[in-house]
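Spelled out from the first residue to the last, the chains are:
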Amino acid sequence: QEVRAQAAGAKLGGGGGGESAESKARQLREAQLRFTKETLDQQLRLVEDANQRELKAVQERFSNEEISLREFYETKTGIEQSSIGNSINIIQQEIRATEENLRAAKASTPEKIRLEGELLKLRTDLELKTRALTDAETENQLRFLDAAQKKKIELLADLQKLALPSGEATGQLPTDLIAEKL
């Protein structure tokens, strides 16, 4: 009985020597796809690390007042968009590799169904990353406007202190004080 079970396992692809050429080709396609995805993932990790380091350096330069508020947010937006753009490129490459394997897969097989599901996930990821690209720009523009408004108020308060002889803050703008005295 044990010998029969081993023989049945070999017929189902369980024993290395009895595998069909089609099964080996499928395994090779799957291995190539996994390798391609792993290579792309590692490339993305390296690019994201470089972008994070660059963003940290830009934040440091901004904190040290070496760059303006506008330069900071323009650079920050560019870095974030670059990072998202790289993710989009990786996903597009994964889609192409998966589509290639899908074309090689036989119809109505578990491999084809799995690849179609994987393509659906990748296309959804691509759409979400594309939306994130737009969101990053919008979010940074809003943050820039908010930070610029705060800076404007801070500068006006400093101007007010300079305009008053005693340097005290009254809550009024210098032009209000001048109008009162006239």
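Within every chain, residues take consecutive numbers counted from 1 along the sequence as written. For a predicted model such as this one, the threshold for reporting local features is a pLDDT of at least 70, and the threshold for listing and counting side-chain atom pairs is 80 or more; totals across whole chains, interfaces and linings nevertheless cover every residue. Remark: hydrogens and water are excluded; side-chain values derive from all non-hydrogen atoms of the structure.

Trainee: Before we move on, can you summarise the overall build of the protein chain with the specific residues and values?
Mentor: A run of H or I in DSSP counts as a helix once it spans at least four residues, and a run of E counts as a strand once it spans at least two, with each numbered from the N terminus. Across its full length, the protein chain holds 5 helices and 0 strands. In the protein chain, the succession of α and β elements from N to C terminus is α-α-α-α-α. Exposure is judged per residue with a 1.4 Å probe applied to protein chains only, and the accessible area is read against the type maximum: over 50% gives exposed, under 20% gives buried, and values in between give partly exposed. Taken over 182 residues, the protein chain has a buried fraction of 26%. Whether two residues touch is decided by their heavy atoms; if any such pair falls within 4.5 Å, the residues are in contact. Nonlocal contacts in the protein chain, meaning residues at least 24 apart in sequence, comprise 64% of its contacts between residues at least 6 apart. Only the protein chains shown count as cover for residues, and the accessible areas themselves come from Shrake-Rupley with a 1.4 Å probe. Carbon and sulfur atoms form 54% of the exposed surface of the protein chain, whose accessible area is close to 12900 Å².

Trainee: If you had to explain the pattern of salt bridges to someone new, which residues and values would you point to?
Mentor: For salt bridges, the criterion is a side-chain nitrogen of Lys or Arg within 4 Å of an Asp or Glu carboxyl oxygen. Counting across every chain of the model gives 15 salt bridges. Linking Glu-30 and Arg-26 is a salt bridge whose minimum nitrogen-to-oxygen distance equals 3.7 Å. Taken as a pair, Glu-30 and Arg-26 lie in helix α2 (residues 21–63) at a separation of 4 residues, close to a single helical turn. In this structure Arg-26 comes out as partly exposed when scored by relative accessible area, which is 29%.

Trainee: Outline the packing of aromatic side chains, supporting the account with residue identities and numerical values.
Mentor: Pairing of aromatic rings covers Phe, Tyr and the six-membered ring of Trp, with a centre-to-centre limit of 6.5 Å; geometry is then stacked below 30 degrees between planes, edge-to-face above 60, and tilted otherwise. Evaluation of the coordinates by the stated rule reveals 3 aromatic pairs. Between the aromatic rings of Phe-72 and Tyr-73, the centroid separation amounts to 4.9 Å while the plane-to-plane angle is 80 degrees, which identifies the pairing as edge-to-face. With respect to burial, Phe-72 and Tyr-73 carry one shared label: buried. An angle of 65 degrees between the planes, with centres 6.1 Å apart, marks the rings of Tyr-73 and Phe-144 as edge-to-face. Of this pair, Tyr-73 sits in helix α3 (residues 69–104) while Phe-144 sits in helix α4 (residues 110–163); the two residues are 71 residues apart in sequence, bridging distant segments of the chain. Assigned by exposure class, Tyr-73 and Phe-144 land together as buried. Every member of this aromatic cluster is reached through a ring pair, and the members are Phe-62, Phe-72, Tyr-73 and Phe-144.

Trainee: Any chance you could break down the environment of Arg-103 for me, citing the residues and the numbers?
Mentor: Position of Arg-103 among the secondary structure elements: in helix α3. In the structure, Arg-103 is positioned 12 residues away from Leu-115 in sequence and 9.8 Å away in space, judged by C-alpha atoms.

Trainee: Requested: an account of the side chain of Asn-101, with residues and values cited.
Mentor: Tracing the backbone shows Asn-101 in helix α3. Here Asn-101 falls in the buried class, since its relative accessible area comes to 9%. Apart from the residues lying within four places of it in its own chain, the contact partners of Asn-101 are Arg-29, Glu-30, Leu-33 and Leu-115.

Trainee: Account for the side chain of Thr-98, with residues named and values stated.
Mentor: The residue Thr-98 is located in helix α3 in this model. In this structure the side chain of Thr-98 is engaged in a polar contact, spanning 2.8 Å, whose partner is the backbone oxygen of Glu-94. Each residue touching Thr-98, except ones within four places of it in the same chain, is listed here: Leu-33, Lys-37, Leu-115, Glu-118, Leu-119 and Leu-122. Each polar contact in these results corresponds to two N or O atoms within 3.5 Å; when the atoms are within protein, one needs to be able to donate a hydrogen and the other to accept it, and residues that are neighboring in sequence are counted only if both atoms are side-chain atoms.

Trainee: I'd like to hear about the nonpolar core, residue by residue, with values.
Mentor: Only buried residues count toward a nonpolar core. Its members are Ala, Val, Leu, Ile, Met, Phe, Trp, Tyr and Cys residues joined through side-chain atoms within 4.5 Å. Ranked by internal contacts, the top residues of the largest apolar core, which has 13 residues, are Ile-91, Ile-95, Leu-115 and Leu-126. Listed by contribution, the elements that provide at least two residues to this core are α3 and α4. The biggest single contributor to this core is α3, with 6 residues. Of all hydrophobic cores here, the second largest spans 9 residues; its members include Leu-69, Phe-72, Tyr-73 and Phe-144.

Trainee: Please give an account of unusual backbone geometry that cites residues and values.
Mentor: Even without being a glycine, Glu-65 presents a positive backbone phi close to 60 degrees. Tracing the backbone through its elements, the reader meets Glu-65 in the loop between α2 and α3. In this model, Ser-108 sits at a positive phi of 55 degrees, which is unusual for a non-glycine residue. Examined against the element boundaries, Ser-108 turns out to sit in the loop between α3 and α4. Taking relative accessible area as the criterion, Ser-108 reaches 74% and is therefore assigned exposed.

In short, shape yes, function no, at least from these values alone.
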